[in-house]
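Here is what each chain is made of, one letter per residue.
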Amino acid sequence: MAKYRIEGGGRIGGELHMHGAKNAALPILAASLVPATPSVISNCPQLSDVDAACNILRCLGCTVIQQGPSVTIQPAADHGGEIPDNLMGEMRSSILFLGAVITRFGRARISYPGGCELGPRPIDMHISALRKMGAIIEEDHGYLDCRVDGRLTGCEISLPFPSVGATENVMIAASIAQGTTILHNAAREPEIVDLAGYLNACGAKVTIHSDSTVVVEGVESLTGAEYSVIPDRIATATYLCAAAITGGDLLLRGVCSGHLAAVLPVFEEMGCQLTTTRHSIRLKGPERLLPAAHIKTMPYPGFPTDAQAPFMAVACLADGNTIFVENIFESRYKQAGELIKMGAKIRLEGRVAVVEGVPSLHSASVRCTDLRGGAALVVAALAAEGSTLIQDVRHIDRGYERLEENLGRLGARIIRE
Ligand code: EPZ
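Residues numbered from 1 in each chain as written. Predicted model: local features only at pLDDT ≥ 70, side-chain atom pairs only at ≥ 80, totals over all residues. Heavy atoms only, no water.

1. Here we look at the layout of surface pockets
Of the volumes computed, that of the second largest pocket is approximately 290 Å³. Going through the elements one at a time, helix 8 (233-246) and helix 12 (371-383) are the ones with two or more residues in the lining of the second largest pocket. Within the lining of the second largest pocket, the residues separate by chemical class into eight nonpolar, five polar and four charged. (1 Å grid on protein atoms, 1.4 Å probe; cavity = no way out; pocket = protein on both sides within 12 Å on 5 of 7 lines; lining within 4 Å. Points joined across faces, edges and corners; volume = space filled by probe spheres on them. Helix = DSSP H or I, 4+ residues; strand = E, 2+ residues; numbered from the N terminus. Nonpolar A, V, L, I, M, F, W, Y, C, P; charged D, E, K, R; others polar.)

Structure below.
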């Protein structure tokens, strides 16, 4: 399996243009199944998760052409709605196809989604919402058999938790349902807004209200559209973590600094100097990092759970303790054990992780546990003394475009083996 060998000690600095957001591209690609005519998605990140989503579209009868950051999708006329297990198992976000497949083909047969090991990843909210819209969904030995007679029906739905994926599935399914769907306690992530932008470009009528309510007025059909995906706010935060931990001076362009409103103040609390415009962020890391007293992950606009692991790596070298509280996923500290192998001092207690800063980290042989946990190991290795071997970097390939190439250009000594 692919590995990174990283020689720590260099500063990460220079200039980089940010790639498109994985977590916006994936629901938009799923939604592109619904229109009867082609869509062209630009600024699409070149990632293994995007390849997996394109392969699912191909399995569903679509013609998909990937040309760098541009993906053209010609949807199928009809299809049985069956997605092969291996493709469903490749990533969590394959569940996002459920709403699109049911609403487009009237039937679907999928196995339970795979993805990162972040604790139980139930899909109860997805299923109950789609059932409320009239889908008949039977769970059968790890498969979901879904069908709907005629069209789905718009209705009022309240999510018990602002689930990003459940919000996206409902928005896509409701776009051509009969009548209006009102979704309460919807997720408010920028990726939700981006999906609404794509759906509306296709002729849907999606309105996002400030009270976390999404209203979708069902239309007869959608027509494909050209749409550009927003920048990746989590990859942005990750590269900034690399500059922060190495005392570098990094300028990121093509970002949306407004999407990091809960993240940038934490860098400043840790002693970093920030200069931001609407579409650029420059970070100068300090010689010695200060601790961030508390980092609590919350639904947007709170601190994003996906940035927790890279920030944990940075906190390992702060001059004091940082307390993390992971409120979104049950088990999202798997990277802690690997960071401890590099000399970090981390104590875990359920959803709480206490990171006691140490003067230095040392090299080790470590293994990626999941996508963002793997990114945390890269951030730590860039500042560790000696040569760190990071195994199973395929996890990282899911969410970071050309990471080793970009970091190499920014001063890292990194080799992919
Ligand atoms: C999306 O995952 C993102 N993935 C995740 O990013 C991100 O961490 C997460 O939202 C939270 O922001 C994509 O967009 C492809 P959720 P999703 O539904 O939709 C529970 C990354 O690293 N839940 O908001 O799966 C769930 O178990 C990935 O890029 C239910 O209980 O997240 C979790 O504890 C990781 N029942 C919480 O809600 C459900 O039916 C939040 O999950 C659905 C979710």
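Additional details are given in the paragraphs that follow.
2. Some thoughts on the site of the ligand
In the region of the ligand, 23 residues are neighbours, and Asp124, Met125, Ser163, Asp306 and Ile328 sit closest. At 2.7 Å from a nitrogen atom of the ligand is found a side-chain nitrogen or oxygen belonging to Asp124. Side-chain polar atom of Arg372 to an oxygen atom of the ligand: 2.8 Å apart, as the coordinates give it. With the chains in place, 89% of the 820 Å² that the ligand exposes on its own is no longer accessible. At the level of secondary structure, the elements contributing two or more residues to the shell around the ligand comprise helix 1 (22-31), helix 5 (124-132), helix 6 (164-174) and helix 12. (Near = heavy atom within 4 Å. Polar contact = N/O pair within 3.5 Å; in protein donor to acceptor, adjacent residues only side chain to side chain. Areas by Shrake-Rupley, 256 points an atom, 1.4 Å probe, with all protein chains shown as cover.)

3. So, the packing of helix 4 (residues 97-105) against helix 6
Running from amino to carboxyl end, helix 4 crosses helix 6 at an angle of 15°, the nearest separation of the two axes being 7 Å. It follows that helix 4 is roughly parallel to helix 6 by the angle criterion. As helix 4 packs across helix 6, the resulting crossing turns out to be right-handed. Contact residues: Leu98, Gly99, Ala100 and Thr103 in helix 4; Asn169, Ile172 and Ala173 in helix 6. Class assignment of the residues belonging to the contact of helix 4 with helix 6 gives a composition of four nonpolar, three polar and no charged. (Axes fitted to C-alpha atoms, helices over the stretch in contact; angles between N-to-C directions. Parallel < 35°, antiparallel > 145°, perpendicular 65-115°, else oblique. Left-handed = near helix turned anticlockwise from the far one by under 90°. Contact = heavy atoms within 4.5 Å.)

4. A closer look at the packing of aromatic side chains
Two numbers describe a pair of aromatic rings. These are the distance of the centres and the angle of the planes. The tally for this structure, following the rule as stated, stands at three aromatic pairs. Measuring from centroid to centroid gives 4.6 Å for Phe267 and Phe311, while their planes differ by 40°, and the two rings are tilted. Within this pair, whereas Phe267 is found in helix 9 (residues 264-269), its partner Phe311 is found in helix 10 (residues 308-315), the two being separated by 44 residues in sequence. Looking at Phe267, the relative accessible area reads 0%, which means it is buried. Here Phe303 and Phe311 contribute two aromatic rings whose centre-to-centre distance is 5.2 Å and whose plane-to-plane angle is 80°, an arrangement assigned as edge-to-face. In this arrangement the basic side chain of Arg109 is found over the ring face of Tyr143, its NZ or CZ atom lying 4.2 Å from the centre. (Phe/Tyr/Trp six-rings, centres within 6.5 Å; stacked < 30°, edge-to-face > 60°. Buried < 20%, exposed > 50% of the residue type's maximum accessible area, 1.4 Å probe, protein only. Lys NZ or Arg CZ within 6 Å of the ring centre and 35° of its normal.)

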